[in-house]
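Letter by letter, the chains look like this.
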Amino acid sequence: MTLDYFFTVLTFSNIFIILALSLNVVMGYAGQVSLGHAAFFGIGAYTSAILATKFGWGYFPSLLMSILVGAFFGFLLGLPSLRVKHDFLVLTTIGLNFVVVAIFKHIDFFGGPYGIIGVPRPVFFGKELETGGYALYTGALAFLVILLMIYIEKIYLRYGFEAVKENEDAAESIGVSVPRFKIYAFTISGALAGLAGNLWAYQMGMVFPDDFSFPVSISILTMVVLGGVGTISGPVVGALIVTFLPEILRPIQDYRLLIYGIIIVLVMLYQPGGLLGKNGLLRSIFKR
Amino acid sequence: MQNVINALILGGIYVLISVGLTMIYGILRILHIAHAGIYTLGAFLGLSFYAATGNFWLSLILSVVLTGFAGVLIYRYIYRKVLDKEKIVSLVISIGMFTAMQELYRLIWGPYKKPFALDLGINDIRTKYFVLTQHQILILTVTAVVLLILYFLMNYTKLGKAMKACADDLEIAAAMGINVEYVISFAFFLGSALAALAGILIGVYENNVYPTMGSSVSYKAFVVIVLGGFGSLTGAITAGFLLAFAETFLVAWKGFILPRDAIAFLLMIFILIFKPEGLFRRVTR
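Next up on the list: the overall build of chain B. The number of helices and strands found in chain B is eleven helices and two strands. Tracing chain B from N to C terminus, the helices and strands come up as α-α-α-α-β-β-α-α-α-α-α-α-α. On C-alpha atoms alone, chain B measures out to a radius of gyration of 19 Å, which is about the 19 Å that the 2.2 N^0.38 rule sets for 285 residues. Seen through its C-alpha atoms, chain B measures out along the principal axes to roughly 60 × 45 × 35 Å. When each of the 285 residues of chain B is scored for burial, the buried share is 47%. Intrachain contacts of chain B at a sequence separation of at least 6 include 77% that bridge at least 24 residues.

Encoded structure:
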């Protein structure tokens, strides 16, 4: 395992930590299951890629735009979530994912099936970032996002989310504005997914529609659920497991997706709250 | 005219797949994504039996029955254990199973498309207006027969009525002396068997079977049950044909830039937002 390779995997795991935490805001805090999270990831990535290649924007302006555009689309999805609930929301978000990928694939502005290539490496203070530096940079951002999550858990926002999650009608009856907190959750989540998208576009140097297809949404969901919905450590550990497990399983590469599927089923059967959730296996080990 | 035939065939396949999904959702409120894995299993089993025996009808029946039992196993050993848990648990399990199933098929049968060549010895019907190949005749007849049987089963037998009762309210149905476990298992059996049938028919029609053939179908079937109103059988049947017609004619009309899958999903999103109970609401609630 060369160092460059290690840094690349590390960067991916940082990106997925951010993604898992961003999905966790919607799912774990506000209790709204979204199965189309890759769509926001893709929207963020395409925003950066288009700004960088077609309009020649620098790194930081396009980073900012990715976050803003991600937040905007998160806000847009927040609107139907006010009407559409539970399983219906799950299906809406699945549909959304397919539609977004279809738009990327079939509209020329987005580069069609071949995507957009030639995203330059990010330049910080006149110096290009190498793989190692980029891994550090993404790691720092992932750390900032974790801090943001701890902050959210401390402020009143958390209580609003919790009320919405537990019982919408009851929350409404004691004066908690359910629409407001749902929209907050989706907007924050969209913004963070946009950030992750930006990091992805600059890491890969290119974006393809299939990088943001439905299976990616599934892996993000898996990270959150595997680790423990609603916790902070859960999605982080989940993201680490899901990105590093395939690398560890590389010697038995042919079986790895099979094992991956089986692990998901087993964890859900025997640890339905996730490994770091209530009564989770890892939690009890750490507590000891 | 040719478009009408194509739409009828596509609709028939959609209906066969969605029947199981809508029954399972109706009774247990589970989004059974692994249903598409069952569909693929049916196609592979059908192909393998056909290669081994050379008798199409025998292998059709064998694989449909076997796949039906596979569905029952999924309920007995997996879903039943998490029925009392949060719904996200069964959803994630279903996704995990679907991934594992596709991989298993790839390991057993190989990753490539396998041809499913079948000659029934029926002549194609060719007229000035349309062509009806032997495979299309097969699909149309089988779908029609199955729908008739299903109609009879649901409306005139005790089991069908019990299934409806379970879909209305599981607990009350159990209190009324219906053997709920048996009814649910039967719903899984029937649904999986029909999905297997759809898999074999599609395999024959497109002349190939491959591990990921269920991917797009799985979510399309959800579009059908959303349009039909969750858990409604007649709704799902009507919606299956409706979706097939809408897709076929929108694609034939060149003005639409997005592919047919995107049309289906856009349709679904609009329905969910503006008419969440589906186009055909269940009469009993």
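What follows is about the confidence of the model for chain B. Taken as a whole, chain B shows an average pLDDT of 84; of its residues, 94% reach a score of 70 or greater. Here the complex is predicted with pTM 0.83, and the ipTM for its interfaces comes to 0.78.

What follows covers the interface of chain A and chain B. Each partner contributes to the interface: chain A provides 31 residues, whereas chain B provides 32 residues. Mapped onto the side of chain A that touches chain B, the elements with two or more residues apiece are helix 4 (86-106), helix 9 (214-227) and helix 11 (256-270) of chain A. With twelve residues, helix 4 of chain A is the largest single contributor of residues to the side of chain A that touches chain B. Residue composition of the side of chain A that touches chain B, grouped by class: 23 nonpolar, five polar and three charged.

All names here are of chain A. It is the contact of helix 1 (residues 3-29) with helix 8 (residues 178-204), at a shortest axis distance of 9 Å, that shows an interaxial angle of 165°. Viewed along their axes, helix 1 and helix 8 adopt a mutual orientation that is roughly antiparallel. Crossing angle aside, the handedness with which helix 1 passes helix 8 is left-handed. For the pair helix 1 and helix 8, contact is made by Thr-11, Ile-15, Ile-18, Leu-19, Leu-21, Ser-22, Leu-23, Val-25, Val-26 and Tyr-29 and by Ala-185, Phe-186, Ile-188, Ser-189, Leu-192, Ala-193, Leu-195, Ala-196, Leu-199, Trp-200 and Gln-203, respectively. Looking at side-chain class alone, the contact of helix 1 with helix 8 contains 17 nonpolar, four polar and no charged residues.

This next bit is on helix 5 (residues 134-156) of chain B. Structural remark: α-helix, 3.6 residues per turn; residues separated by three or four positions point the same way. With 23 residues, helix 5 of chain B extends 33 Å between its outermost C-alpha atoms, agreeing within 8% with the 33 Å of an ideal straight helix rising 1.5 Å per residue. Within helix 5 of chain B, burial applies to B:His135, B:Ile139 and B:Thr143.

Let's shift gears to the packing of helix 2 (residues 35-53) of chain B against helix 8 (residues 180-206) of chain B. Residue and element names in this part refer to chain B. Viewed as axis vectors pointing N to C, helix 2 and helix 8 meet at an angle of 55°, and their least axial separation amounts to 7 Å. By the angle class used here, helix 2 and helix 8 are oblique. Crossing hand, helix 2 versus helix 8: right-handed. Judged by residue contacts, His-35, Ile-38, Tyr-39, Thr-40, Leu-41, Gly-42, Ala-43, Gly-46 and Leu-47 of helix 2 engage Ser-192, Ala-195, Ala-196, Leu-197, Ala-198, Gly-199, Ile-200, Ile-202 and Gly-203 from helix 8. Its residues placed into classes, the contact of helix 2 with helix 8 shows eleven nonpolar, seven polar and no charged.

All names here are of chain B. A rise of 1.5 Å per residue sets the reference length of helix 2, with its 19 residues, at 27 Å; its end C-alpha atoms lie 27 Å apart and thus fit the reference within 8%. Among the 19 residues that make up helix 2, 15 are buried, leaving the element largely enclosed by the rest of the structure. Backbone geometry just downstream of helix 2 places Gly-54 in the positive-phi region, at approximately 80°.

Residues and elements named next belong to chain B. Of note, the phi angle at Arg-29 is positive, near 60°, even though the residue is not glycine. Within the fold, Arg-29 resides in the loop between helix 1 (2-28) and helix 2. We note that Asn-207 has phi near 55°; this positive angle belongs to a residue other than glycine. We classify Asn-207 as partly exposed; it has 14 C-beta atoms within 10 Å.

Cut-offs and rules
- Residues numbered from 1 in each chain as written.
- Chains lettered and ligands numbered in written order.
- Predicted model: local features only at pLDDT ≥ 70, side-chain atom pairs only at ≥ 80, totals over all residues.
- Helix = DSSP H or I, 4+ residues; strand = E, 2+ residues; numbered from the N terminus.
- Rg over C-alpha atoms; globule rule 2.2 N^0.38 Å.
- Buried ≥ 20, exposed ≤ 12 C-beta atoms within 10 Å, placed from the backbone.
- Contact = placed C-beta atoms within 7 Å.
- pLDDT = per-residue confidence, 0-100.
- Nonpolar A, V, L, I, M, F, W, Y, C, P; charged D, E, K, R; others polar.
- Axes fitted to C-alpha atoms, helices over the stretch in contact; angles between N-to-C directions.
- Parallel < 35°, antiparallel > 145°, perpendicular 65-115°, else oblique.
- Left-handed = near helix turned anticlockwise from the far one by under 90°.
- Expected span 1.5 Å × (residues − 1).

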